[in-house]
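Results of the structural survey
Listed here are the chains, written in short residue letters.
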Amino acid sequence: METNIRVLVVTNSYPTEEHPYDAPCIKDQIEALQKLGASIDILHIYRQKGKAAYIQAGFQILRLNFQRRRYDLIHAYYGHSGLIARLQLRYPLVVTFRGSDLLSRRDGIIGKPVAKLADRIIVMSEEMKHVAKRSDASIIPFGVNLDLFYPRPVDKARRELMLASDEKLILFPWDPTRPEKRFDLVEDMIRIVREKHDRVRLIAIYGEPHTIVAKYMCACDAMVLVSDHEGSPMAVREAMACNLPIIAVDAGDVRQIISGVEGCYLCDRDVHDIAAKVELVLSRGQRSDGFEKMKSLNALWAAKQVFDIYSSVFQKR
């Protein structure tokens, strides 16, 4: 497709060799947008370097006010990046909010004002749209990379990961130190489940490339999500694409995503209810049928909607 929109992406999350796990969904979306015809440059704020990285990016954005026009719009991912991107007034600003940048008390201090300052915003769920107080907010969750996440034989995935074939494996694909993910509840739940199933093991995996995460999703028996808040958790969509049964609280758009999918269950934020749903999945002993639902919700599906926003912003310029 012929290129017709020039975009500068500003993001503080992007996979690199040092941090391959850092929001690969953003990379997937950018590549899909390029296939649709967007010409994209990326300003990656290496947040691991601290405030200096944001200051450096801020100066780069400020200079855009005085330089020859190079773009049609700026697209920032995450509220902090949106704040930096708004330091220029020359280009329309689209901001994608991912969850905690609006829903958490700490990051929402920045995210909520940025939502008002942007020309258009993209959010992951109805809850985020309500918190942003933007009736024109577009709800566009990230699409799944189906080249990586798809059903594979459990025994094959376990052999490749050198996991025991006779254990029941419960996946927690987030950093346990993140307090909003409530790993404490999951640990308590596992102790209860082990009273009936002594060969149950909890696997917390984070900081790994998507290729490895996908294998774990095919190798495990269930995934548990009990976060205090979520936008549209990618891990749920990716697990669905791998036919991994999911036990999750009603956070973000999880209810909508797992609704009607065999082997997936909502639970309360209560260790006994979580344990009961996990035991239900283990006793059932079958994969879900989530892939069928995810086939149409791929990265290109989401990118087409984002591209439509680019076109509408560009036409109003």
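Details of the structure are given in the entry above.
Below, the structure is looked at part by part. Throughout, a residue's number is its position along its own chain's written sequence, starting from 1. Where local features are concerned, this predicted model is filtered to residues with pLDDT of at least 70; where side-chain atom pairs are given and counted, the filter is 80 or more; whole-chain, interface and lining totals use all residues. The basis for every side-chain value is the complete set of non-hydrogen atoms in the structure, without hydrogens or water.

1. As for the sheet that holds strand β5 (residues 120-123)
We apply this condition: Here, any two strands with at least 2 DSSP bridges between them count as paired. Where helices and strands are cited, they refer to DSSP runs of H or I of at least four residues and of E of at least two residues respectively, numbered from the N terminus.
In space, the six strands of this open sheet follow the order β2-β1-β3-β4-β5-β6, with parallel pairing throughout. With one partner strand each, in any of the chains shown, β2 (38-44) and β6 (138-139) form the two edges of the open sheet.

2. Points about the packing of aromatic side chains
In this description, a pair of aromatic rings is defined by centroid distance and the angle of the planes. So the rule is basically this: Two rings belonging to Phe, Tyr or Trp (six-membered ring only in the last case) form a pair when the distance between their centres is within 6.5 Å. Interplanar angles under 30 degrees mark stacking, angles over 60 mark edge-to-face geometry, and anything in between is tilted. The buried label goes to any residue with under 20% of its type's maximum accessible area, the exposed label to any with over 50%, and the partly exposed label to all in between, with areas taken from a 1.4 Å probe on protein chains only. Over a ring means this: the NZ of a Lys or the CZ of an Arg is within 6 Å of the ring centre and within 35 degrees of the ring normal.
Using the criterion set out here, one finds five aromatic pairs in the structure. Ring centres of phenylalanine 172 and tryptophan 174 lie 5.2 Å apart, and the angle between their planes is 75°; on these two criteria the pair is classed as edge-to-face. The exposure class assigned to tryptophan 174 is buried, which follows from its relative accessible area of 9%. A connected cluster of aromatic rings, assembled from ring pairs, spans Phe172, Trp174 and Phe183. One Lys or Arg, lysine 49, reaches over the ring of tyrosine 46 and ends 5.2 Å from the middle of that ring. In this structure, arginine 152 is placed above the aromatic ring of tyrosine 150, and the distance from its NZ or CZ to the ring centre is 4.3 Å.

3. A closer look at the layout of surface pockets
The rolling of a water-molecule-sized probe over the atoms marks out the regions of remaining empty space. As a reminder, the rule being used: Within this scheme a cavity is a closed region of a 1 Å grid, computed over the protein atoms alone, that accommodates a 1.4 Å probe without allowing it to escape, whereas a pocket is open but has protein on both sides within 12 Å along at least five of seven lines; lining residues each have an atom within 4 Å of a point. Grid points are joined across faces, edges and corners, and a volume is the space filled by probe spheres set on the points. Three categories are distinguished: nonpolar for Ala, Val, Leu, Ile, Met, Phe, Trp, Tyr, Cys and Pro, charged for Asp, Glu, Lys and Arg, and polar for the others, with Gly belonging to the last.
Empty space within the largest pocket amounts to approximately 1400 Å³. Lining the largest pocket are 41 residues; nearest its centre among them are Arg47, Arg98, Trp174, Arg178 and Lys181. Of the residues belonging to the lining of the largest pocket, the class tally is 18 nonpolar, 11 polar and 12 charged. One number sums up the size of the second largest pocket: a volume of about 250 Å³. Lining the second largest pocket we find Asp28, Glu31, Ala32, Lys35, Val144, Asn145, Leu146, Asp147, Asn298, Ala299 and Leu300. Counting only elements with at least two residues in the lining of the second largest pocket, the list comes to α1 (24-36) and α14 (299-316). Here the element with the most residues in the lining of the second largest pocket is α1; it accounts for four residues. For the lining of the second largest pocket, a count of residues per class yields five nonpolar, two polar and four charged.

As far as function goes, none of this settles anything; it's purely spatial.
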